[in-house]
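Spelled out, the chains give:
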Amino acid sequence: MLSFEAAAGVNPADMMAQIQALQAQNKALEAKFDANVGAVATRVDNLQGQFTDVAKGAKDATDAARASYAVAAATDAARSSGPFEPAYAALVGVLPEDPNVVALAALSKKGAPTREQLRDQFTKIELELVRAARVGDPDAGMWGQVQASLAQFVVVRRVDERDDSNDLVESASAKMKANDLDGAVAQLSKLKGEGAKVVAPWLEKAKTRVEIDQRLAAIRSQLSKKG
């Protein structure tokens, strides 16, 4: 009696070999599939990383652009003689922790005269300032009193005369004519006595203008370094 395999004309050894060959092919396909899946996963991870970097770069660029615009707007607004609170609010929105931005909070509420206005105001008080500096100088003597009286017409100086107060005023005047408000403020801050009293209201406004401009300049400088 013939077996089923013999009746079907199938050699059991050949069938086993075919099965093993199919199993080997299946394992090869599985390995290839796993390798492809791994490669795809790695590629996806790389793309995600690149996307994150691009997204972060885009955000940083957007934030930098917003900050630059806010600083430019605040600078323009601060150049006027009044408060600049709306522009300052925009600046706080992009640079809330910047120490110079924080320091501008109170200054934005009152603002300061423009540099041109301060120059005009200084011209109006200059002669009064010279007279006050002379009168208030204990070393000026009679000659200083004479100059103080004549200051409304002309300032007379002897060749051998030394007057620190008047020198400070003259130096400040020269700096104002050269558009050097910072230098003028530095000189006039050294005045004492009557001269200091006369210049005090102007000096307070001038110092505010200098501080506003310096802090905005510092913010712009920091942004340029980051860019």
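Being a predicted model, the structure only gives us computed values, none of them experimental.

K.L.:
So what about the packing of helix 4 (residues 99–110) against helix 9 (residues 193–226)? Which residues, and what values?
P.N.:
Orientation of helix 4 relative to helix 9, taken along the N-to-C sense of each, is 145°, at an axis distance of 10 Å. Judged by the twist between their axes, the crossing of helix 4 over helix 9 is left-handed. Touching P99, N100, V101, A103, L104, L107 and K110 of helix 4 are T208, E211, I212, R215, L216, A218 and I219, all from helix 9. Grouping the amino acids of the contact of helix 4 with helix 9 by side-chain chemistry returns 9 nonpolar, 2 polar and 3 charged.

K.L.:
Just give me the short version of the pattern of salt bridges, but keep the residues and values in it.
P.N.:
Tallying each qualifying case throughout the model produces 7 salt bridges. Close ionic contact of D182 with R115 constitutes a salt bridge, the shortest N to O distance being 3.3 Å. With D182 in helix 8 (residues 181–188) and R115 in helix 5 (residues 115–136), the pair connects residues that are 67 residues apart, well separated along the chain. A relative accessible area of 27% means that R115 is categorised as partly exposed. Note that D180 and K175 form a salt bridge whose closest N and O atoms lie 4.0 Å from each other.

K.L.:
Describe helix 9, naming the residues involved and giving the relevant values.
P.N.:
Along its 34 residues, helix 9 runs 46 Å from first to last C-alpha, staying within 8% of the 50 Å computed at 1.5 Å per residue. Taking the largest bend as the criterion, helix 9 deviates by roughly 55°, centred on A200, and proline P201 comes between one and four positions later. Along helix 9, the residues classified as buried are G195, V199, W202, L203, A206, T208, R209, V210, I212, L216, I219 and L223.

K.L.:
Tell me about the side chain of E126, and please be specific about residues and values.
P.N.:
Counting through the fold element by element, E126 comes out in helix 5. A polar side-chain atom of E126 sits 2.6 Å from a polar atom in the side chain of S173.

K.L.:
Run through helix 7 (residues 164–177), naming residues and quoting values.
P.N.:
Across its 14 residues, helix 7 extends 20 Å between first and last C-alpha, which sits within 8% of the 20 Å expected from 1.5 Å per residue. All of the buried residues in helix 7 are S165, N166, L168, V169, A172, S173 and M176. Projected down its long axis, helix 7 shows its buried positions confined to an angular sector of 155°, all on one face. Positive phi shows up at N179, right after helix 7, with a value of about 60°.

K.L.:
How would you summarise the packing of aromatic side chains if you had to cite specific residues and measurements?
P.N.:
A complete count under the given rule lists 1 aromatic pair for this structure. Ring centres 5.4 Å apart and planes at 55° place the aromatic pair F122 and W202 in the tilted group. Of this pair, F122 sits in helix 5 while W202 is found in helix 9, placing the two residues 80 residues apart along the sequence. Residue class for F122 comes out buried when judged on its relative accessible area of 1%.

K.L.:
So, the environment of Q214: which residues are in play, and what are the values?
P.N.:
With respect to the secondary-structure elements, Q214 resides in helix 9. Under the relative-accessibility criterion, Q214 is labelled partly exposed at 45%.

K.L.:
Requested: an account of the packing of helix 3 (residues 85–94) against helix 4, with residues and values cited.
P.N.:
Close contact between helix 3 and helix 4 brings their axes to 9 Å; oriented N to C, the two are set at 165°. With respect to each other, helix 3 and helix 4 are oriented roughly antiparallel. Viewed along their axes, helix 3 and helix 4 form a crossing whose handedness is left-handed. Residues E85, Y88, L91 and V92 of helix 3 pack against V101, V102, L104, A105, S108 and K109 of helix 4. The residue makeup of the contact of helix 3 with helix 4, split by class, is 7 nonpolar, 1 polar and 2 charged.

K.L.:
Give a detailed account of the side chain of R209, specifying residues and quantitative values.
P.N.:
As for its placement among the helices and strands, R209 is situated in helix 9. Within the structure, R209 has its side chain in polar contact with the backbone oxygen of S80 (distance 3.1 Å). If near-sequence neighbours (up to four positions away) are discounted, R209 is found in contact with A78, R79, S80, A112, P113, T114, R115, L118 and L181.

What counts, and at which threshold
Residues numbered from 1 in each chain as written. Predicted model: local features only at pLDDT ≥ 70, side-chain atom pairs only at ≥ 80, totals over all residues. Heavy atoms only, no water. Axes fitted to C-alpha atoms, helices over the stretch in contact; angles between N-to-C directions. Helix = DSSP H or I, 4+ residues; strand = E, 2+ residues; numbered from the N terminus. Left-handed = near helix turned anticlockwise from the far one by under 90°. Contact = heavy atoms within 4.5 Å. Nonpolar A, V, L, I, M, F, W, Y, C, P; charged D, E, K, R; others polar. Salt bridge = Lys/Arg side-chain N within 4 Å of Asp/Glu carboxyl O. Buried < 20%, exposed > 50% of the residue type's maximum accessible area, 1.4 Å probe, protein only. Expected span 1.5 Å × (residues − 1). Bend = angle between axes of the 7 residues up to and from the residue. Polar contact = N/O pair within 3.5 Å; in protein donor to acceptor, adjacent residues only side chain to side chain. Arc of directions from axis to C-beta. Phe/Tyr/Trp six-rings, centres within 6.5 Å; stacked < 30°, edge-to-face > 60°. Parallel < 35°, antiparallel > 145°, perpendicular 65-115°, else oblique.

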